[in-house]
Amino acid sequence: MSSIDYNELFEQYYQKKYDFNTASLSINEIAEIKKLVREKRVDYAQAPMGTGVFSWILKQNDNIRFEMVSFDSDRIDGMLYIPSTGKERAYIILNSNKPLANQIFAAAHEFYHYIKDYQAFKETPYICDFGMLKDVNEKKACRFAAEILLPEEALLHEIQDYCRVMMIADMKRMDFNQFATLIIFLTVKYQMPLKAVIYRLAEEQYINSIDKYIENYEFIRKVLQEIKIIGKRVDELYNTENNYVLVYSSTYQDMEKAFSAGNASKENILEDAAKLNLDMSLINEFFSAEKEADDDDDDDELFSIINAKRR
């Protein structure tokens, strides 16, 4: 089997850099998203989710897996991958070259696509091409991600607390510096992209003229990165390392089970493994072990062998 250039392949289906501006969504569309967020966020209430989004998504549906891929292109944030192995399996693939804050937002964004768009692409082989979706679907996914990470009720509570601590009698009188400070605080506490927080304030109409803050985005970001008291937390957000996703932990086992149960052929397994950039030598060793194993061998033993070789 010839080698597949997964970077070249995924370039055809890349998820464009997320547009945090969801102002074009209708009142009904926004209301629907807010309702979905309240339903899905019940365990968190108003508490920050941040890096907890990864384990939260896995708890929502045990058919979802995360994979980290080092894409050459900076254009790619994430995508939803539907393999041929497993009838309901789906992979949320994140660009490991992006900062952790972006990976958090991307995970929430792609989870919305899993909830709302999975069925539409169930019959489409392998990769969901979200370029085929209308632009409104992308905006809905972005709004969902922003709301799930920083819901309306939590935002109002944070602003009220901020005004109380800063002794601001009327939030409508907050100046640029005061809002910039609030934006920095929310970015760190809720572990979101700074630009997403700016738009979040605009979405709930706390900021009337967003252009001023977008134009000064780099300045606000520079200040954020220079505040020593929150230095460690900021460094983590802007670092690409993600210790919150257990990548590859069950992918090999999923494929083994699909092959053993007759749900996927060897060709299916090899093609999916290549597209996910898995270790092909381990996949081939699995087939060799499967061929040589007795019918009554314990599957768990094979999993142990594969996992031991991967360490």
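Every value quoted in this text rests on a predicted model; they were computed, and no experiment measured them.

## Some remarks on unusual backbone geometry
And then number 1: Even without glycine at this site, Ala45 takes up a positive phi of about 55°.
And then number 2: Within the secondary structure, Ala45 sits in the loop between α2 (27-40) and α3 (53-60).
And then number 3: The exposure class of Ala45 is exposed, given its relative accessible area of 53%.
And then number 4: Unlike most non-glycine residues, Gln191 shows phi in positive territory, near 50°.

## What to know about the pairing of strand β3 (residues 90-95)
And then number 1: Taking burial as the measure, the 6 residues of β3 include 6 buried ones, the bulk of the element.
And then number 2: Alternating positions in β3 separate into two faces, Ala90, Ile92 and Leu94 on one and Tyr91, Ile93 and Asn95 on the other, with burial throughout.
And then number 3: Pairing of strand β1 (residues 64-69) with β3 involves 6 bridges; the strand directions are parallel. Within the sheet, the bridge partner assigned to Met68 lies in β3 and is Leu94.
And then number 4: Direction of pairing for strand β2 (residues 78-81) relative to β3: antiparallel, over a ladder of 4 bridges. Paired with Gly78 across the two strands is Leu94, which belongs to β3.

## Brief notes about the pairing of β1
When a strand is regular, its side chains alternate between the sheet's two faces.
And then number 1: Counted residue by residue, β1 has 6 buried out of 6 residues, so it is predominantly covered.
And then number 2: Across the two faces of β1 the burial is the same, with Ile64, Phe66 and Met68 and Arg65, Glu67 and Val69 all buried.

## Looking at helix α7 (residues 176-190)
And then number 1: If you check α7, its first and last C-alpha atoms are 21 Å apart, about what 15 residues at 1.5 Å a residue would give, namely 21 Å.
And then number 2: Among the residues making up α7, those that are buried are Phe176, Phe179, Ala180, Leu182, Ile183, Ile184, Leu186, Thr187, Val188 and Tyr190.
And then number 3: Looking at the buried residues of α7, the elements they touch are α5 (135-149), α6 (152-165), α8 (194-203), α9 (211-215), α10 (217-226) and α11 (231-238).
And then number 4: With a side-chain oxygen lying 3.3 Å from the backbone nitrogen of Asn177, the N-terminal cap of α7 falls on Asp175.
And then number 5: Positive backbone phi, approximately 50°, marks Gln191, located one or two places after α7.

## Examining the nonpolar core
And then number 1: In this structure, Val53, Phe54, Ile57, Ile183 and Leu201 are the most contacted members of the largest nonpolar core, which totals 69 residues.
And then number 2: In contact with Ile183, other than residues within four places in its own chain, are Leu194, Val197, Ile198, Leu201, Ile207, Tyr213 and Ile220.
And then number 3: By size, the runner-up hydrophobic cluster in this structure holds 7 residues, among which are Val69, Phe71, Met79 and Tyr81.

## Describing the environment of Ile76
And then number 1: By secondary structure assignment, the location of Ile76 is in the loop between β1 and β2.
And then number 2: With a relative accessible area of 0%, Ile76 lands in the buried category.
And then number 3: Residues Ile76 and Asn97, spaced 21 residues apart in sequence, show a C-alpha to C-alpha distance of 9.4 Å.

Reading the values: rules and limits
Residues numbered from 1 in each chain as written. Predicted model: local features only at pLDDT ≥ 70, side-chain atom pairs only at ≥ 80, totals over all residues. Heavy atoms only, no water. Helix = DSSP H or I, 4+ residues; strand = E, 2+ residues; numbered from the N terminus. Buried < 20%, exposed > 50% of the residue type's maximum accessible area, 1.4 Å probe, protein only. Pairing = 2+ DSSP bridges. Expected span 1.5 Å × (residues − 1). Contact = heavy atoms within 4.5 Å. Polar contact = N/O pair within 3.5 Å; in protein donor to acceptor, adjacent residues only side chain to side chain. Core = buried A, V, L, I, M, F, W, Y, C linked by side-chain atoms within 4.5 Å.

Just distances and angles here, no functional claims.
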